[in-house]
Amino acid sequence: MASENSAVPRKLAQHPSVRAVLSRQADRPAKPAVIDAQWLRQVCLDAGADDAAAVSLDHPDLASEREPVHTALPGTRSLVSLVVRMNRDNVRSAVRSVANQEFHRSGEIINEAARTVVRTLQDAGYRAVNPSATFPMEMDEYPNRSWVVAHKTVAVAAGLGAIGIHRNVIHPKFGNFVLLATLLVDAEISEYGQRLDYNPCLECKLCVAACPVGAISKDGEFDFRACFTHNYREFMGGFTDWVETIADSADGADFRARVTDAENASMWQSLSFKANYKAAYCMAVCPAGEDVLEPYLEDRKQFMNQVLRPLQDKRETLYVDPNSPAKTYAERRFPHKTIKEVTTNSRRKAD
């Protein structure tokens, strides 16, 4: 049979592997040109996702994603957004190692779920890839775009949430206690999600009150640099600043005068384990989402005492750019916290 296939050169057609493949092709039914949405959603849930929806790459809100997505998987036609929910009280804990462990573990779960779905799609005859969730990994162009696909943009287009004033995706059920992943698929899907017709954000402004560097203003403006400099202190630009401090120090004593043992231990922990967020308080205090909202509605004062106040009262170091609005805000609003001026290399705007 193999030697009769005119698409395969005669010499190649005699190879045992080629003969086996051509034989299977003859007996195998053709794969559906369009992937069944219900089947795919169940595959995602079985793999460990808590919610999933697809969106066409032709969606008008995804124009900025097309070129980088096609670079990652030429021929991509659909994107599948996956949601994994986090344990809320872990994220809310003033003991931030608890929160960071939750971020890291949830990230492992969603990356594993995405990989499992891609394997299933591959076995069904489709081409698909799962770019990294949680952390941007393409550092060649840093500080410009360093991610393959914008997970938040895709999730919103697929109808899995909307952006709150804190710039996090709020899932209508799970709130902002979610991590996101995106699959690139080379086929159309029978049903695509639709954008929500409302925003789950309550505009309660608790995220404004919680942010220790004033990155979120009451009128909805967002200071990306303030957030990046503090919350992402042990990522990217903050790491560069730490290395420059080492290089600029005259000797060990000078370096120790500039960087505390606790700061060095924290950076070592991030390098040896995974980079830790310094705050993410905006996520911690957000009461939005049907599964999250009840305690806030029952007793808002108690909610603030249990969730907001411990983060506001926490004694910690806040990292700010010199002469920045973040520095002014932190000094005025949180005099009990230590303010440290640093220089972070970040020129891009928030996505």
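Residues numbered from 1 in each chain as written. Predicted model: local features only at pLDDT ≥ 70, side-chain atom pairs only at ≥ 80, totals over all residues. Heavy atoms only, no water.

### Let's talk about the overall build of the protein chain
If you tally the helices and strands in the protein chain, you get 16 helices and 10 strands. Within the protein chain, contacts between residues separated by at least 24 positions form 70% of all contacts whose residues are at least 6 apart in sequence. Total accessible area computed for the protein chain in this model is approximately 18,100 Å², and 50% of it derives from carbon and sulfur atoms. With 43 positive and 45 negative side-chain charges, the protein chain shows a spacing of 1 Å between the two charge centroids. (Helix = DSSP H or I, 4+ residues; strand = E, 2+ residues; numbered from the N terminus. Contact = heavy atoms within 4.5 Å. Areas by Shrake-Rupley, 256 points an atom, 1.4 Å probe, with all protein chains shown as cover. Lys, Arg positive; Asp, Glu negative; His and termini not counted. Charge placed at Lys NZ, Arg CZ, Asp CG, Glu CD.)

### Some thoughts on the confidence of the model for the protein chain
This prediction gives the protein chain a mean pLDDT of 93; 96% of its residues lie at or above 70. Within the model, the stretch residues 347–351 combines pLDDT values under 50 with 12 contacts to residues more than four positions away or in other chains. (pLDDT = per-residue confidence, 0-100.)

### Comments concerning helix H12 (residues 261–272)
In this model H12 runs 16 Å from its N-terminal to its C-terminal C-alpha over 12 residues, within 8% of the 16 Å that 1.5 Å per residue would give. Within the span of H12, buried status applies to Glu263, Asn264, Ser266, Met267 and Ser270. End-on view of H12: buried residues confined to an arc of 160 degrees, all on one side of the axis. Exposed side of H12, more than 90 degrees from the buried face: Asp261, Ala262 and Trp268 are the residues found there. Along its buried surface, H12 packs onto helix H10 (236–248), helix H11 (252–258), strand E9 (317–320) and strand E10 (338–341). (Expected span 1.5 Å × (residues − 1). Buried < 20%, exposed > 50% of the residue type's maximum accessible area, 1.4 Å probe, protein only. Arc of directions from axis to C-beta.)

### Digging into the side chain of His151
Take His151: it is sitting in helix H7 (residues 151–157). Apart from residues no more than four positions distant in its own chain, His151 is found in contact with Ser132, Ala133, Thr134, Leu180, Ala181 and Thr182.

### Observations concerning the pairing of strand E7 (residues 178–185)
The element E7 is largely enclosed, with a buried count of 8 among its 8 residues. Side chains of E7 alternate between two faces, with Val178, Leu180, Thr182 and Leu184 and Leu179, Ala181, Leu183 and Val185 buried alike. Of the pairings in the sheet, the one linking strand E3 (residues 78–85) to E7 comprises 8 bridges and is antiparallel in character. Among the inter-strand pairings, Ser78 is bridged to a residue of E7, identified as Val185. Of the pairings in the sheet, the one linking strand E4 (residues 128–129) to E7 comprises 2 bridges and is antiparallel in character. From the neighbouring strand, Val129 faces E7, where its bridge partner is Leu184. (Pairing = 2+ DSSP bridges.)

### A closer look at the nonpolar core
General note: in soluble globular proteins, nonpolar side chains tend to be found buried as a group. The biggest cluster of nonpolar side chains holds 33 residues, and the ones touching the most others in it are Met86, Val91, Phe103, Leu206, Cys207, Met283 and Val285. Listing elements by their share of this core, those giving two or more residues are helix H6 (96–123), helix H8 (206–210), helix H13 (281–285) and helix H15 (300–313). The biggest single contributor to this core is H13, with 5 residues. Discounting chain neighbours no more than four positions away, the residues touching Cys207 are Ile165, His166, Ile216, Cys282 and Val285. Grouped together as the second largest cluster of nonpolar side chains are 26 residues, Ile35, Ala47, Ala114 and Tyr126 included. (Core = buried A, V, L, I, M, F, W, Y, C linked by side-chain atoms within 4.5 Å.)

### Comments concerning the pairing of strand E2 (residues 51–56)
Counting buried residues in E2 gives 6 out of 6 residues, a clear majority hidden from the surface. The two faces of E2 match: Asp51, Ala53 and Val55 on one face and Ala52, Ala54 and Ser56 on the other face are all buried. Looking at chain direction, E2 and E3 are connected through 6 bridges and run antiparallel. Counted as the bridge partner of Asp51 is Val83 from E3.

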